[in-house]
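# Structure assessment
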Amino acid sequence: MGISKAHASAVLVLFALEACTLDGYTAAVYEHSVVLSEDTEVPVSPEEALMLMYKNLAILEVAIKEAARQGAHIIVTLKDGIYGWVFPRETIYPYLEDIPDTQMDWIPCADPARFAPSPVLERLSCPARNNCVYVVANMGDKKPCNSSDPRCPSDGHYQYNTNVVFDGKLVTRYHKYNLFVTEKQLNYPKGPEFVTSFGYFGIFTCADILHDPAGVLACRFQTDAILFPTAWVNTLPLLSVVQFHSAWAMGMSVNFLSANLHNSTLDVTGSGIYGIYTLDGPKACFYNTEMGNGHLLVTELTSLPRPSPNYPAVNWKLRASRIEQLPSNNHHFSGVICHDLFSFMELTEPEGNCAICRQDLCCHPSYKMAEKQKDDIYVLSTFDGLHVAKGGYYLQIFTLLKCESTDRNMCGQPAETAQTKFEMFSLSGTFGTNYVFPEVLYGGVQLAPREFQVLTDGHLISRSGTSKPVLSVALLERGYEKDLSHTEQASP
């Protein structure tokens, strides 16, 4: 897939961290319960906005210091962690700062008066400098413009959701490219901004992970790790936070540092440090829908350049394309998952081999339930098409899925509990690309480390019987070349 340098740079920032030219490094992510404005619709003064941001920055400073005490070289913090979310365009403005170009070689902590007042940048720069740790944070950037720019908004400035990285100095910045439907107060970026050197780190934000060219570039530039501030609502059955992010790291064979915000009321929780694909699964993971506070994760990671003999490439359609057509059964019906119409086939027998096809995608599962519980209905489901509800991106999906209840009309709705364990399962499919993400999720929204593997012929297979009841086993493929472009999507 051809990607121009300008297109690539607008979406993914790549940069080098000195610590990460070592054989290994210690990484941290922090999930934070954000102090929020009482009413984001009400305008506030710059002083009032700063007072709120200082409360959150004080919490982040404590986490940064603790991560450094535990030996972290880098800490990733969450999206919207400094001032919150869902602002109108007008009322978010006092929370924004004009973030200078990173080529200016600026240390805000040492020279705060060099540019326009930047108290937030200073408060992020100082703990990074004082604790000898790289700090990744998410904040708001503003850039003035005028009528000579045909894209200039009517209020005379651009507003960007922005990731910044400090080691004291402002190392890099990244403007979020793929805006979510609730981010109408923000603008799409247009300019190139990346620095490359030996030992790449990539950085992008939240919904960027679902879109072109984040996945393509993670492979093309062979990044050592992805740094990922996010504010991700758990979306079962296929896009729960730890479920999808761990699968993305495994599918891309890349270290992945994901820091989510924490809000139990909105079902927003789940952060992790996911190592390059090993049988050990996630290096560190946090998911808690009940406790009110956030959590710091710290663990060691290995820097492993790719490609590597230890991590051979997977041909995701090889096995499925070699299988002779197997019989299907007559228990087909349709259902909806995340606004998309899926083909379902009920598993009426406790074990079997079969096939299920949808347009260009043919999938081949084998399974054996340990003892099927009467209240658990399982289906095979497929989707091959454009997901248009929240962003116009192309998916091929094959999943073995536990239904929410014994009512087949509820299949595809979020389910968090199950009672049936499996003695074995295997999935493969005739996917159109190698951008495939393997998921295995147990009851209680728990991952399944060391209990499954992906073979080089595109075969997702259990290593033994499952230790817990199964919610879903899935393969999600992204067909980036078939996505809608930004000009075809509704733009804020």
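Our structure's up above, just so we're on the same page.
Being a predicted model, the structure only gives us computed values, none of them experimental.

### Thoughts on the pairing of strand E14 (residues 340-346)
Most of E14 is tucked away, with 6 of its 7 residues classed as buried. Summarising the sheet, strand E13 (residues 332-337) and E14 pair through 6 bridges and their orientation is antiparallel. Bridge pairing in E14 places serine 334 opposite serine 343.

### Quick look at the packing of helix H2 (residues 46-69) against helix H4 (residues 119-131)
Following both chains from N to C, one finds H2 and H4 inclined at 10°, their axes separated by 10 Å at the closest point. With respect to each other, H2 and H4 are oriented roughly parallel. As for the relative orientation of H2 and H4, their crossing is right-handed in sense. For the pair H2 and H4, contact is made by Leu50, Met53, Tyr54, Leu57, Ala58, Glu61, Ile64, Lys65 and Ala68 and by Pro119, Val120, Arg123, Leu124, Pro127 and Asn131, respectively. Of the residues belonging to the contact of H2 with H4, the class tally is 11 nonpolar, 1 polar and 3 charged.

### A short note on the state of the cysteines
Enumeration over the complete set of coordinates arrives at 4 disulfides. For cysteine 109, the disulfide goes to cysteine 126, at an S-S distance of 2.2 Å. Measuring handedness by torsion sign, the sulfur bridge of cysteine 109 and cysteine 126 sits at about 105° and is right-handed. With a gap of 17 residues between them, cysteine 109 in the loop between helix H3 (89-92) and H4 and cysteine 126 in helix H4 connect regions that are remote in the sequence. Cysteine 126 gets classed as buried once you look at its relative accessible area, which sits at 18%. Counting only the cysteines that form disulfides, in the order they appear in the protein chain, gives the pairing 1-2, 3-4, 5-6, 7-8.

### Overview of the sheet that holds strand E3 (residues 74-76)
Taken together, 6 strands build an open sheet; the order of strands is E6-E5-E4-E3-E2-E12 and the sheet is mixed. Lying at the two open borders of the sheet, with one neighbouring strand each, are strand E6 (170-175) and strand E12 (295-302). Strand-to-strand, the axes of this sheet are offset by a mean angle of 35°, without reference to chain direction. Contacts from H4 reach strand E4 (134-144) and strand E5 (157-166), with the element oriented near 10° to E5.

### Overview of the nonpolar core
Side chains of nonpolar character tend, in soluble globular proteins, to be buried together. Among the nonpolar cores identified, the biggest contains 95 residues, and Ile74, Ile209, Phe244, Trp248 and Leu257 are the most heavily contacted of them. The element that contributes the greatest number of residues to this core is helix H6 (residues 241-252), accounting for 8 residues. Formed by 37 residues, the second largest nonpolar core is a distinct cluster that contains Tyr30, Leu96, Ala128 and Phe166.

### Some thoughts on the sheet that holds E14
On the basis of which strands lie adjacent, the open sheet formed by 7 strands has the order E13-E14-E18-E19-E25-E21-E22 and antiparallel pairing. Each edge of the open sheet carries a strand with a single partner, namely E13 and strand E22 (446-447). Against the sheet, H6 engages strand E21 (436-442), E22 and strand E25 (470-478), with an angle of about 140° to E21.

### Remarks on the environment of serine 462
Mapped onto the elements of the fold, serine 462 is located in strand E24 (residues 459-462). In this structure, serine 462 is in contact with Glu423, Met424, Phe425, Glu451 and Phe452, ignoring residues within four places of it in sequence.

### Quick notes on the pattern of salt bridges
A complete count under the given rule lists 11 salt bridges for this structure. For the salt bridge of lysine 143 with aspartate 98, the shortest nitrogen-to-oxygen distance reads 2.7 Å. Remark: aspartate 98 occurs in the loop between H3 and H4 and lysine 143 occurs in strand E4; sequence separation between them is 45 residues. Owing to a relative accessible area of 18%, lysine 143 belongs among the buried residues under this scheme. Take aspartate 98: its relative accessible area is 30%, and that puts it in the partly exposed class. For glutamate 423, the salt bridge identified is with lysine 368, shortest N-O distance 3.4 Å. Taken together, the residues span a long stretch of sequence, with glutamate 423 in strand E20 (residues 422-429) and lysine 368 in strand E17 (residues 361-369) at a distance of 55 residues. With relative accessibility at 28%, the residue lysine 368 sits in the partly exposed group. Sharing partners across several salt bridges, the network here consists of Asp98, Asp141 and Lys143.

### With respect to the pairing of strand E8 (residues 225-230)
Extensive coverage of E8 is indicated by the burial of 6 of its 6 residues. Residues Ala225, Leu227 and Pro229 of E8 are buried on one face, and the alternating residues Ile226, Phe228 and Thr230, pointing to the opposite face, are buried as well. Where E8 lies against strand E9 (residues 255-260), 6 bridges are found, and the strand directions are parallel. Across the sheet, the residue bridging to threonine 230 is asparagine 260, located in E9. A crossover connection joins E8 to the parallel E9 through H6; in handedness this β-α-β unit is right-handed.

### A closer look at the packing of aromatic side chains
According to the stated counting rule, one finds 20 aromatic pairs in the structure shown. Seen from their ring centres, phenylalanine 87 and tyrosine 95 are 5.0 Å apart, and the 55° between their planes marks the pair as tilted. On the basis of relative accessible area, tyrosine 95 is assigned to the buried category, the value being 3%. One aromatic cluster in this structure is built from Phe204, Phe228, Trp232, Phe244, Trp248, Phe256, Tyr274 and Phe437. The residue whose ring lies beneath arginine 123 is tyrosine 54, and the NZ or CZ to ring-centre distance is 4.5 Å. A cation over an aromatic ring shows up here: arginine 408 above the ring of phenylalanine 333, its NZ or CZ 4.1 Å from the ring centre.

The rules behind these values
- Residues numbered from 1 in each chain as written.
- Predicted model: local features only at pLDDT ≥ 70, side-chain atom pairs only at ≥ 80, totals over all residues.
- Heavy atoms only, no water.
- Buried < 20%, exposed > 50% of the residue type's maximum accessible area, 1.4 Å probe, protein only.
- Helix = DSSP H or I, 4+ residues; strand = E, 2+ residues; numbered from the N terminus.
- Pairing = 2+ DSSP bridges.
- Axes fitted to C-alpha atoms, helices over the stretch in contact; angles between N-to-C directions.
- Parallel < 35°, antiparallel > 145°, perpendicular 65-115°, else oblique.
- Left-handed = near helix turned anticlockwise from the far one by under 90°.
- Contact = heavy atoms within 4.5 Å.
- Nonpolar A, V, L, I, M, F, W, Y, C, P; charged D, E, K, R; others polar.
- Disulfide = S-S within 2.5 Å.
- Core = buried A, V, L, I, M, F, W, Y, C linked by side-chain atoms within 4.5 Å.
- Salt bridge = Lys/Arg side-chain N within 4 Å of Asp/Glu carboxyl O.
- Right-handed = clockwise from strand over helix to strand, strands pointing away.
- Phe/Tyr/Trp six-rings, centres within 6.5 Å; stacked < 30°, edge-to-face > 60°.
- Lys NZ or Arg CZ within 6 Å of the ring centre and 35° of its normal.

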